[in-house]
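Topology and contacts: notes
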Amino acid sequence: MDCFTGRVFRAIKIDIDLYEEVEKDKKATFQAGIVVVLSSLAAGVGSLHLGASNFLIAPALSLLSWYVWAYIIYFVGVKMFPDPQTKSSHGELLRTIGFSSAPGIIRIFGITPTLMTVTFIGSAFWMLACMVVAVKSALDYNSMWKAFGVVVLCWFFQAILLFIILLIFNKRDKDRVYGYCLGCIDFFLNRKFILYGL
């Protein structure tokens, strides 16, 4: 457990060596999944005053979005915009991206609306920084800016895909579709859905 806890703290500190380490350690995939769930549960506890449905639904959706997000980054980063030395797999991206959600654990302190705003926005930018480092490590990029560009481009792909899915399934309820599209912004910042309307 000390190894796991140490990895979480190193991920929070944006330790580049940690992301390189978990990229290579196939046994760290389960640990990365635990980090995703802990971050999601922390968000659920931090937003509990908005309703218990967030707390109950978020972990499952976080795991699903983590899995899909890794494939999108794999496609964009490895297939569309690789560096000459880029060699990566879905598993490597799962591990690095999973640990990049570690700063989201601070959202547990968002127990009041004011604290929720501060912790959720702060952790979102912190997780974005971790995500860029994680993608740079997993894709063996030389440039941090290229990794940032891949993350932003992947978010746009995911937002468009989500928009199309929501249009298909919610033809009658246009207001709800637009509300969910605004949720895409939250998805980018937190890389998970917080479904307030369900």
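No experiment lies behind these values; they were computed from the predicted model shown. (Residues numbered from 1 in each chain as written. Predicted model: local features only at pLDDT ≥ 70, side-chain atom pairs only at ≥ 80, totals over all residues. Heavy atoms only, no water.)

**Details of helix 2 (residues 16–24)**
To be explicit about the condition: Partly exposed describes any residue whose relative accessible area lies between the buried limit of under 20% and the exposed limit of over 50%, with all areas from a 1.4 Å probe on protein chains only and scaled to the type maximum. Note on conventions: DSSP H or I runs of at least 4 residues are helices, E runs of at least 2 residues are strands, and numbering of each starts at the N terminus. This arc is taken over the directions from the axis of the helix to the C-beta atoms. Throughout this description, a polar contact denotes any pair of N or O atoms lying within 3.5 Å of each other; where both atoms belong to protein, one of them has to be capable of donating a hydrogen while the other can accept it, and for residues adjacent in sequence the pair is counted only when both atoms sit in side chains.
For helix 2, the full list of buried residues reads Leu18, Tyr19, Val22 and Glu23. In an axial view of helix 2, the angular spread of the buried residues amounts to 135°, which keeps them on one side of the axis. Of the residues in helix 2, the exposed ones pointing more than 90 degrees away from the buried face are Asp17 and Lys24. For helix 2, the N-terminal cap is Asp15; the gap from its side-chain oxygen to the backbone nitrogen of Asp17 is 2.9 Å.

**Thoughts on the nonpolar core**
The criterion, for reference: Among buried residues, the Ala, Val, Leu, Ile, Met, Phe, Trp, Tyr and Cys ones that are joined through side-chain atoms within 4.5 Å form a nonpolar core. Two residues qualify as a contact provided that any one of their heavy atoms is within 4.5 Å of a heavy atom in the partner residue.
Judged by nonpolar contacts, the single largest core of 39 residues is most densely connected at Ile73 and Phe99. Those elements that provide at least two residues to this core are helix 1 (2–12), helix 2, helix 3 (28–46), helix 4 (52–80), helix 5 (90–100), helix 6 (113–139) and helix 7 (144–169). Among the elements that make up this core, the one with the highest residue count is helix 6 (nine residues). With near-sequence residues (within four places) excluded, Phe99 lies in contact with Arg7, Val8, Ala11, Leu18, Tyr19, Val22, Ala28, Gln31, Ala32 and Val35.

**Section: the side chain of Thr119**
Looking at the secondary structure, you find Thr119 in helix 6. Sequence-distant contacts of Thr119, that is, excluding residues within four places in its chain, are made with Ile106, Arg107, Phe109 and Gly110.

**Examining the packing of helix 3 against helix 5**
Quick reminder of the rule: Lines fitted to C-alpha atoms define the axes, with helix axes restricted to the stretch in contact, and inter-axis angles between N-to-C directions lie between 0 and 180 degrees. Definitions for this section: a left-handed crossing has its near helix turned counterclockwise from the far helix by less than a right angle. A right-handed crossing has that turn clockwise. Lys, Arg, Asp and Glu make up the charged group, whereas Ala, Val, Leu, Ile, Met, Phe, Trp, Tyr, Cys and Pro make up the nonpolar group; the residues left over, Gly among them, are polar.
Between helix 3 and helix 5, the least distance of the axes is 8 Å, while the angle of their chain directions is 30°. Like other packed secondary-structure pairs, helix 3 and helix 5 cross with a definite hand, here left-handed. Residues Ala28, Thr29, Gln31, Ala32, Val35 and Val36 of helix 3 pack against Leu94, Arg95, Gly98 and Phe99 of helix 5. Here the residues of the contact of helix 3 with helix 5 are counted per class, giving six nonpolar, three polar and one charged.

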